Amino acid sequence: MPYYRPIPQTDAARPDGAMSLAGGWCWFDRVEELHRDAPSRVIPASDLPDEVRNTLSRPRAPIAGMAFNAPRLMGILNVTPDSFSDGGEHFGANAALAHAANMIAEGADLIDIGGESTRPGAQEVSTDEEIRRTAPVIAAMRAELGCTISIDTRKAAVAKSAHEAGAALVNDVAGFTFDPALAPLCATRALPVCVMHAQGTPDIMQRDPRYDNVALDVFDFLAERIAKLTALGIPHGAIIVDPGIGFGKTLEHNLVLLRNLALFHGLGCPILLGASRKRFIGTIGGTEEARNRAPGSVAVALAGVAQGVQMLRVHDVGATSEALKLWRASVLGETGL
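Below: a short report on this structure. Everything quoted here is computed from the prediction, not taken from an experiment.

1. Quick notes on helix α3 (residues 127–144)
- The terminal C-alpha atoms of α3 lie 26 Å apart, and with 18 residues this matches the ideal 26 Å at 1.5 Å per residue to within 8%.
- Buried within α3 we find E130, R133, T134, A135, V137, I138 and M141.
- For α3, the secondary structure elements touched by its buried residues are β6 (72–78), α2 (93–106), β7 (110–114), β8 (149–152) and α4 (156–165).
- In the stretch just after α3, G146 is the one whose phi turns positive, near 65°.

2. Brief notes about the pattern of salt bridges
- Inspection of the entire model under this criterion finds 21 salt bridges.
- With its nearest N and O atoms 2.6 Å apart, the salt bridge here joins R132 to E129. Of this pair, R132 and E129 are both found in helix α3, 3 residues apart, which corresponds to roughly one turn of the helix.
- One network of salt bridges, in which partners are shared, links E116, E124, E130, R154 and K155.

3. A look at the packing of α2 against α3
- It is the contact of α2 with α3, at a shortest axis distance of 10 Å, that shows an interaxial angle of 45°. When the axis of α2 is compared with that of α3, the two are oblique. Like other packed secondary-structure pairs, α2 and α3 cross with a definite hand, here right-handed. Contacts between α2 and α3 involve A93, A96, L97 and A100 from the first element and V137, A140, M141 and E144 from the second.
- Here the residues of the contact of α2 with α3 are counted per class, giving 7 nonpolar, no polar and 1 charged.

4. Some details on the environment of P120
- When you line up the elements, P120 lands in the loop between β7 and α3.
- For the pair P120 and L216, spaced 96 residues apart in the sequence, the C-alpha separation amounts to 23 Å.

5. Quick notes on the packing of α3 against α4
- The interhelical angle for the contact between α3 and α4, taken along N-to-C directions, is 15°, at an axis separation of 8 Å. With respect to α4, the element α3 is oriented roughly parallel. By crossing handedness, the relation of α3 to α4 is classed as right-handed. Each of T127, E130, I131, T134, A135, I138, A139 and R142 in α3 lies in contact with α4, whose residues at this interface are A157, V158, S161, A162 and A165.
- Each residue belonging to the contact of α3 with α4 can be placed in one class, and the counts come to 8 nonpolar, 3 polar and 2 charged.

6. What to know about the sheet that holds β7
- What the 8 strands build is an open sheet, ordered β11-β10-β9-β8-β7-β6-β13-β12; its pairing is parallel. Edge positions in the open sheet fall to β11 (239–242) and β12 (272–273), since each of these has one partner strand only.
- Sheet analysis places β12 next to strand β13 (residues 311–314), joined by 2 bridges and oriented parallel. In the strand pairing of β13, L273 is matched with L312.
- Across the face of the sheet, helix α10 (residues 317–332) comes into contact with β6 and β13 while running at roughly 170° to β6.

7. A word on the environment of A101
- For A101, the position within the fold is in helix α2.
- Taking C-alpha positions, A101 is 13 Å from D112, a pair spaced 11 residues apart along the chain.

What counts, and at which threshold
- Residues numbered from 1 in each chain as written.
- Predicted model: local features only at pLDDT ≥ 70, side-chain atom pairs only at ≥ 80, totals over all residues.
- Heavy atoms only, no water.
- Helix = DSSP H or I, 4+ residues; strand = E, 2+ residues; numbered from the N terminus.
- Expected span 1.5 Å × (residues − 1).
- Buried < 20%, exposed > 50% of the residue type's maximum accessible area, 1.4 Å probe, protein only.
- Contact = heavy atoms within 4.5 Å.
- Salt bridge = Lys/Arg side-chain N within 4 Å of Asp/Glu carboxyl O.
- Axes fitted to C-alpha atoms, helices over the stretch in contact; angles between N-to-C directions.
- Parallel < 35°, antiparallel > 145°, perpendicular 65-115°, else oblique.
- Left-handed = near helix turned anticlockwise from the far one by under 90°.
- Nonpolar A, V, L, I, M, F, W, Y, C, P; charged D, E, K, R; others polar.
- Pairing = 2+ DSSP bridges.

Here it is, written out as structure tokens:
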């Protein structure tokens with residue numbers, strides 16, 4: 001079975017016949033055709049099967065009130081004592097609310113709140129504790145900020161409490177494989193979802209991750225999860241996909257995925273890139289402390305946007321928002337002034 005990776009372009013000199021990538025800011029007129037058992041080749045986009053061409057080019061439907069005609073920012077709010085880069089900083093309700101307000105002011109389109117660390121080596125948190133950490137903060141954020149909120153959880157009970165408190169999207173790093181009740185809950189409550197790829201659970205995922213072909217293996221996993229979710233009643237247009245940078249991947253796996261992000265447009269869903277402050281950024285950039293990795297994180301984020309990625313999950317909202325404004329002005333000619 002062939003796989004198709006559109007070759008994204010943003011140049012103003014767009015040739016006749018070029019197609020918009022996912023209805024966004026990139027265009028393409030060539031595609032890399034990939035195979036597991038044969039060399040790849042570059043073909044004209046006009047040679048694509050009609051279904052593939054339509055999937056790659058059609059605009060993505062809005063999710064949780066967000067249109068994807070421009071890159072969207074998901075601000076990270078960890079209400080945990082042990083997250084890898086900011087554990088404990090926003091553990092209290094007041095600190096969490098203040099940080100959320102600051103991220104909204106800096107340009108976040110939604111806030112992703114998590115009460116269980118998923119850093120490498122992290123242990124599972126009880127459901128009751130995860131609810132205790134997240135639900136009151138979500139309720140306060142909705143009451144005082146009125147912002148869009150996603151809940152970062154693997155558990156149905158946590159998602160249920162979060163939705164009742166005001167969360168509008170479920171972001172599951174386990175790809176809806178951890179708790180069999182979570183996807184049916186989202187279907188019943190008409191909650192949009194973000195499905196992420198991870199190899200193994202956080203406590204063991206970085207021990208020795210291996211793939212036959214990391215980009216194609218992750219693509220197949222996400223395609224299979226989308227099929228499962230839609231069969232349960234979650235509309236295809238309510239699904240965001242995340243290749244899971246850093247979750248059961250080596251540095252080289254991460255780089256291969258980053259170079260092939262455009263491949264995931266073939267799933268027909270908005271793509272989320274969550275690379276902010278990850279270890280590989282520190283390794284390549286020479287920055288040991290995770291909180292000091294904003295420059296490298298912004299560079300990776302812009303590389304994703306250049307491939308048409310519609311959502312960036314970031315710690316440094318202000319820096320990323322500013323960089324996006326300059327990228328859009330210098331590359332696309334959009335100043336917003």
